[in-house]
Amino acid sequence: MDVFDELLRGVRGRGAVFGRSVLNAPWSLRFTDGAYLTLCLPLRGAGWIVPEGGEPLRVKVGEAAIVRGPAPFVFTDDPADGTGAGRAGDVREVRWGQVRDAAAPPDPGPELDCPTVLLSATYDVRAQVPQRLLRALPPALVVPDEADCAPMRDYLEAQLGGGRPGDQIVLDRLLDWLLVCTLRDWFDRPEADPPGWYGALGDEVAGPALRAMHADPAHPWTTAELASRAGVSRTTLAKRFTELVGDGPVAYLTEWRMTLAADLLTRPELTVAAVARRVGYADAFGFSAAFKRLRGESPSAFRRQASALGPVEAATPAG
């Protein structure tokens, strides 16, 4: 499995769609979901993303914006008044993709040349695996559509309010696709600042070792075996890996195993011993010691805190 696919496999929309609303100036939408990520996709017109305490970013048709939570943010026509101060009657609160405390806006008339129509989705992302990548995102980002996705946007808009069975799940999956495409394009841009291991995946020395550990984290990897994957000596692998990633191969493997384990511990059907085996530990004692050393709490304590939120969808280790 591709590592990027693996990291984002558990990122799913949760039915949060705000669309087909014509926004006539002056307007401000304040998103208060507390979501981990929010995707904003103008279907018509343009607006400004104003993250809390951040600089405004303009987003228009042909672009997609991603805002990292949980702090609220504003989508507005006027970045100078993005918080809605002085225009309280025109600020609408958005939660779970729905507009609250406001009547439905009027249908666009012929006098409106280019109303703004916004489509958005929120992403909870409680799983630890995708957070390894998503934590590297800035508070807000805008990515131009370098491939022509106009037909996809037209199709998305056509689905809104269609009333057909399965409309919501179709919209959710299309928005998931747009989110992943936007993230992939962002991490390819020069202004992105991905974690060291992300860039190291393409390195001819560190890359094969990283991909091997991700493909089979439960395998009892040694530095020598990982070095053989890249066709280099142990010393060469350890030096290059540490330069790019910041940790040696064994330390990285331990951290990756604990990330996988944190998601597996949210599944009540798996015992701590079963989780230990899935991430390469022969017994629960050794696994628990490693988990507490890296996470600051025991697997049982972590499980108790996570149980109230329910299981997460995450990558499943091989083996």
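Residues numbered from 1 in each chain as written. Predicted model: local features only at pLDDT ≥ 70, side-chain atom pairs only at ≥ 80, totals over all residues. Heavy atoms only, no water.

## Some remarks on the confidence of the model for the protein chain
(1) Moving on: Scored by pLDDT, the protein chain comes out at a mean of 81, with 78% of its residues at no less than 70.
(2) Moving on: Highest mean pLDDT in the protein chain belongs to helix α8 (residues 234–245) (97); lowest belongs to strand β9 (residues 98–100) (48). (pLDDT = per-residue confidence, 0-100. Helix = DSSP H or I, 4+ residues; strand = E, 2+ residues; numbered from the N terminus.)

## Looking at the pattern of salt bridges
(1) Moving on: Throughout the structure, instances matching the rule amount to 8 salt bridges.
(2) Moving on: One salt bridge connects Glu-63 with Lys-60, and the closest N-O pair in it is separated by 3.0 Å.
(3) Moving on: Under the relative-accessibility criterion, Glu-63 is labelled buried at 13%.
(4) Moving on: As a salt-bridge pair, Arg-240 and Glu-243 come within 3.8 Å of each other at their nearest N and O atoms. Here the residue Arg-240 and the residue Glu-243 both occupy positions in helix α8, the gap between them amounting to 3 residues, near one helical turn.
(5) Moving on: The partly exposed category is assigned to Arg-240, whose relative accessible area is 31%.
(6) Moving on: Looking at Glu-243, the relative accessible area reads 47%, which means it is partly exposed.
(7) Moving on: The network of salt bridges with shared partners includes Asp-203, Lys-239, Arg-240 and Glu-243. (Salt bridge = Lys/Arg side-chain N within 4 Å of Asp/Glu carboxyl O. Buried < 20%, exposed > 50% of the residue type's maximum accessible area, 1.4 Å probe, protein only.)

## Concerning the packing of aromatic side chains
Aromatic ring pairs are defined here through the distance separating the ring centres and the angle between the ring planes.
(1) Moving on: Tallied over the entire structure, the rule returns 7 aromatic pairs.
(2) Moving on: Ring plane angle 70° and centroid distance 5.8 Å describe the contact between Phe-241 and Tyr-252, whose orientation is recorded as edge-to-face. On the criterion of sequence distance, the pair formed by Phe-241 in helix α8 and Tyr-252 in helix α9 (residues 249–264) is long-range, its members being 11 residues apart.
(3) Moving on: With relative accessibility at 0%, the residue Phe-241 sits in the buried group.
(4) Moving on: Using a relative accessible area of 4% as the deciding quantity, one classes Tyr-252 as buried.
(5) Moving on: Geometrically, the ring pair formed by Phe-291 and Phe-302 is edge-to-face, given 5.6 Å between the ring centres and 70° between the ring planes. With a gap of 11 residues between them, Phe-291 in helix α11 (residues 284–295) and Phe-302 in helix α12 (residues 299–307) connect regions that are remote in the sequence. Neither Phe-291 nor Phe-302 differs from the other in exposure class; each is buried.
(6) Moving on: An aromatic cluster is built from Tyr-281, Phe-287, Phe-291 and Phe-302, whose rings are joined through pairwise contacts. (Phe/Tyr/Trp six-rings, centres within 6.5 Å; stacked < 30°, edge-to-face > 60°.)

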